[in-house]
Amino acid sequence: MFSRDIPHEVLNYRLDLGAVSFVPREAQLQAMEILKDELTLVVPPKHALAKRKEIDVSDLANENFVGHSVESPFRRRVIELFGRNRTTLNMPIEMPTIESIKRFVQMAWV
């Protein structure tokens, strides 16, 4: 199920609880943080950036990204991060699920 649908499902008693990557806007729900997640850059082992300990967003201007086509807090954070750093985000490929992105990237790296 898409994360965006979980708050609605809880409110309609189809789920007893839900875990999402954002704070729901529905005032009738109570949310608590159970895990803090960070954004992580993933590259193949032989990529030029793979050996670096730190990477500036501007270092990513010439890279292509595979993005999640569904609006989400993480997608928004990535877009805002590039915008704040005045760096072009090249996202020529967008896919509907994280699993499809993982499979695509795994195939591309082989």
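Residue indices begin from 1 for each chain and proceed along its sequence in written order. At least 70 in pLDDT is required for a residue's local features to be given in this predicted model, at least 80 for side-chain atom pairs to be given and counted, and no such filter applies to totals for whole chains, interfaces and linings, which use all residues. Water and hydrogen atoms play no part in the side-chain values, which are based on all heavy atoms of the structure.

Draft legend 1. Region of the structure containing the pairing of strand β2 (residues 90–95). Each pair of strands is called paired provided DSSP finds at least two bridges between the two strands. Helix and strand definitions follow DSSP, with helices as H or I runs of at least four residues and strands as E runs of at least two, each counted in order from the N terminus. Summarising the sheet, strand β1 (residues 64–68) and β2 pair through four bridges and their orientation is parallel. When the sheet's bridge partners are listed, V66 is paired in β2 with I93.

Draft legend 2. Region of interest: the side chain of R75. Along the chain, the position of R75 falls in helix α2 (residues 73–84). A relative accessible area of 17% places R75 in the buried class. Here a polar contact is taken to be a pair of N or O atoms separated by no more than 3.5 Å, where protein atoms must pair a possible hydrogen donor with a possible acceptor and residues adjacent in sequence count only if both atoms sit in side chains. A distance of 2.6 Å separates a polar side-chain atom of R75 from the backbone oxygen of H68. Throughout, a residue-residue contact means that at least one pair of heavy atoms, one from each residue, lies within 4.5 Å. Once you skip the residues sitting within four places of it in the chain, R75 turns out to touch H68, S69, V70, M91 and E94. Think of it in three bands: with a 1.4 Å probe and only protein chains considered, a residue is buried below 20% of the maximum accessible area for its type, exposed above 50%, and partly exposed in between.

Draft legend 3. Up close: a nonpolar patch on the surface. Residues M32, I34 and L35 make up a contiguous nonpolar surface patch of about 440 Å² in total accessible area. In this structure, I34 sits in the loop between α1 (6–11) and β1. Judged by its relative accessible area of 74%, I34 is exposed. Candidate patch residues must exceed 30% relative accessible area and have no salt bridge, after which like charges are joined if within 9 Å and Val, Leu, Ile, Met, Phe, Trp or Tyr side chains if within 5 Å. Reported accessibility uses the Shrake-Rupley method at a 1.4 Å probe radius. Residues are deemed covered only where the shown protein chains occlude them. For this document, the term salt bridge refers to a Lys or Arg side-chain nitrogen within 4 Å of an Asp or Glu carboxyl oxygen.

Draft legend 4. Structural context of the pattern of salt bridges. If you walk through the whole model with that rule in mind, you get six salt bridges. Across the pair D5 and R4 runs a salt bridge whose closest N-O atoms are separated by 3.9 Å.

Draft legend 5. α2, seen in detail. Given the number of residues in a helix, its expected span is that number minus one, multiplied by 1.5 Å. Compared with the 16 Å implied by 1.5 Å per residue over 12 residues, the 16 Å span of α2 between its first and last C-alpha is a close match. Within α2, burial applies to P73, R75 and F82. As for α2, its buried residues are in contact with β1 and β2. At the C-terminal side of α2, R86 shows a positive phi close to 50°.

Draft legend 6. Layout of the environment of E9. Tracing the sequence through the fold places E9 in helix α1. When sequence neighbours within four positions are dropped, the list of residues in contact with E9 reads M1, R14 and L15.

Draft legend 7. Structural view of the nonpolar core. Counting residues in hydrophobic clusters, the biggest one holds six residues: L49, V57, L60, F65, F82 and M91. Dropping the residues within four chain positions of it, V57 is found in contact with L81, F82, N85 and T87. We define a nonpolar core as any set of buried Ala, Val, Leu, Ile, Met, Phe, Trp, Tyr and Cys residues linked to one another through side-chain atoms lying within 4.5 Å.

Draft legend 8. Structural detail: helix α3 (residues 98–109). Along its 12 residues, α3 runs 17 Å from first to last C-alpha, staying within 8% of the 16 Å computed at 1.5 Å per residue. Buried within α3 we find S100, I101 and V105. Along the long axis of α3, the arc covered by the buried residues comes to 125°, so they all point the same way. Seen from the open side of α3, the exposed residues pointing more than 90 degrees away from its buried face are Q106 and M107. Those residues of α3 hidden inside the fold are in contact with β1 and β2. As used here, the arc belongs to the directions running from the helix axis to the C-beta atoms.

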